[in-house]
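What follows is each chain in one-letter form.
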Amino acid sequence: TGLRGGLRDPAGDLIILAEPEGTFIGRDILKLLAYADDFDMVCGTRTTRELVWEQANMGWFLRVGNWSVAKIIQVLYDAPSLSDCGCTLRLTHRAALQRIQDDLTVGGSHFLPQMIIAGLKRGLKIIEVPVNYRGRVGDSKITGSIEGTLRTGFRMIALILASRFR
């Protein structure tokens, strides 16, 4: 995927991931940077209602699904508080990325929880911070329909369970 490709040979010591569909606000990177000295990976979370814009594709079904998948990871991996492992907006250090690079094997939206799981397995310190989430430019191929949302959720859960009980 594009995200994995961008992580292959990053130029800097801090790597910021974000999708280009206009859902994130550039100034939220400052929130990620505020925690960069203390954590190996800083992930955005789109679960603070006041920061989810009216036009955003984040109805109750998607919110509950994201939260549920994150809680499965939290419980199975004895992880810190997680609420949205599908949020693309995240920061990681180059050194931390090098520790998990070989564990990143899938594409698509389940790449995002795999990145968190890989980090947890390798002992990375991970935290989530609330970020703005706006309406996207164009329609989502992944969560633009109930069928797509369910398919994505089940793929994520299958990946989480396979990684944990392998």
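Analysis parameters
- Residues numbered from 1 in each chain as written.
- Predicted model: local features only at pLDDT ≥ 70, side-chain atom pairs only at ≥ 80, totals over all residues.
- Heavy atoms only, no water.
- Core = buried A, V, L, I, M, F, W, Y, C linked by side-chain atoms within 4.5 Å.
- Buried < 20%, exposed > 50% of the residue type's maximum accessible area, 1.4 Å probe, protein only.
- Helix = DSSP H or I, 4+ residues; strand = E, 2+ residues; numbered from the N terminus.
- Contact = heavy atoms within 4.5 Å.
- Axes fitted to C-alpha atoms, helices over the stretch in contact; angles between N-to-C directions.
- Parallel < 35°, antiparallel > 145°, perpendicular 65-115°, else oblique.
- Left-handed = near helix turned anticlockwise from the far one by under 90°.
- Pairing = 2+ DSSP bridges.
- Phe/Tyr/Trp six-rings, centres within 6.5 Å; stacked < 30°, edge-to-face > 60°.
- Lys NZ or Arg CZ within 6 Å of the ring centre and 35° of its normal.
- Nonpolar A, V, L, I, M, F, W, Y, C, P; charged D, E, K, R; others polar.
- Disulfide = S-S within 2.5 Å.

Novice: Quick one: what's the story with the nonpolar core, residue by residue and with numbers?
Specialist: Ranked by internal contacts, the top residues of the largest apolar core, which has 28 residues, are M41, I73, I100 and I116. For this core, the secondary-structure elements that each account for two or more residues are β1 (14-17), β2 (41-45), α3 (60-76), α4 (94-100), α5 (111-121) and α6 (146-165). Dropping the residues within four chain positions of it, I100 is found in contact with M41, M115, A118, G119, R122 and L124.

Novice: Go over unusual backbone geometry, please, and point to the residues and values.
Specialist: Positive phi is not limited to glycine here, since D78 has a value of about 50°. Mapped onto the fold, D78 is located in the loop between α3 and β3 (90-93). D78 sits in the exposed class, given a relative accessible area of 71%.

Novice: Give me α5: which residues, what numbers.
Specialist: In terms of residue burial, α5 counts as a mostly covered element, since 10 of its 11 residues are buried. Within the span of α5, buried status applies to F111, L112, P113, Q114, M115, I116, I117, A118, G119 and L120. Once α5 ends, the next one or two residues include G123, with phi positive near 80°.

Novice: Describe the packing of α5 against α6, naming the residues involved and giving the relevant values.
Specialist: Direction vectors running N to C along α5 and α6 enclose 20°, while the axes themselves pass 10 Å from each other. With respect to α6, the axis of α5 lies roughly parallel. For α5 against α6, the interelement crossing comes out right-handed. Residues P113, Q114, I117 and K121 of α5 form the contact with α6, whose participating residues are M156, L159, I160 and S163.

Novice: Lay out the pairing of β1 in plain terms, naming residues and giving numbers.
Specialist: Judged by which residues are buried, β1 turns out to be one-sided: I15 and L17 face inward and are buried, whereas L14 and I16, on the alternate face, are not. Across four bridges, β1 lies against β3 in antiparallel orientation. Paired with I16 across the strands is L91, a residue of β3.

Novice: Requested: an account of the packing of aromatic side chains, with residues and values cited.
Specialist: A full pass over the atoms with the stated rule returns three aromatic pairs. Here F24 and Y133 contribute two aromatic rings whose centre-to-centre distance is 5.8 Å and whose plane-to-plane angle is 50°, an arrangement assigned as tilted. Remark: Y133 occurs in the loop between β4 (126-130) and α6 and F24 occurs in the loop between β1 and α2 (29-35); sequence separation between them is 109 residues. Judged by its relative accessible area of 11%, F24 is buried. Given a relative accessible area of 8%, Y133 falls into the buried group. Ring centres 5.7 Å apart and planes at 85° place the aromatic pair W60 and F61 in the edge-to-face group. Residue W60 is classed as exposed on the basis of its relative accessible area, which comes to 60%. One cation-aromatic arrangement involves R134 over W53; the distance from NZ or CZ to the ring centre is 5.6 Å. A cation over a ring is seen here: R164 above F165, with NZ or CZ 5.8 Å from the ring centre.

Novice: Describe the packing of α3 against α6, naming the residues involved and giving the relevant values.
Specialist: Their axes nearest at 10 Å, the elements α3 and α6 cross at an angle of 0°. With respect to α6, the element α3 is oriented roughly parallel. Residues F61, L62, V69, I72, I73 and L76 of α3 touch α6, and the partners they reach there are I146, T149, L150, G153, M156, I157, I160, L161, R164 and F165. Residue composition of the contact of α3 with α6, grouped by class: 13 nonpolar, two polar and one charged.

Novice: For the state of the cysteines, give the residues involved together with the corresponding values.
Specialist: Inspection of the entire model under this criterion finds zero disulfides. A disulfide-free cysteine, C43 has its sulfur positioned 7.8 Å from the sulfur of C87, the nearest such atom. The thiol sulfur of C85 is not disulfide-bonded, and the nearest other cysteine sulfur, from C43, lies at 9.0 Å.

Remember that the coordinates give geometry; whether it matters functionally is a separate question.
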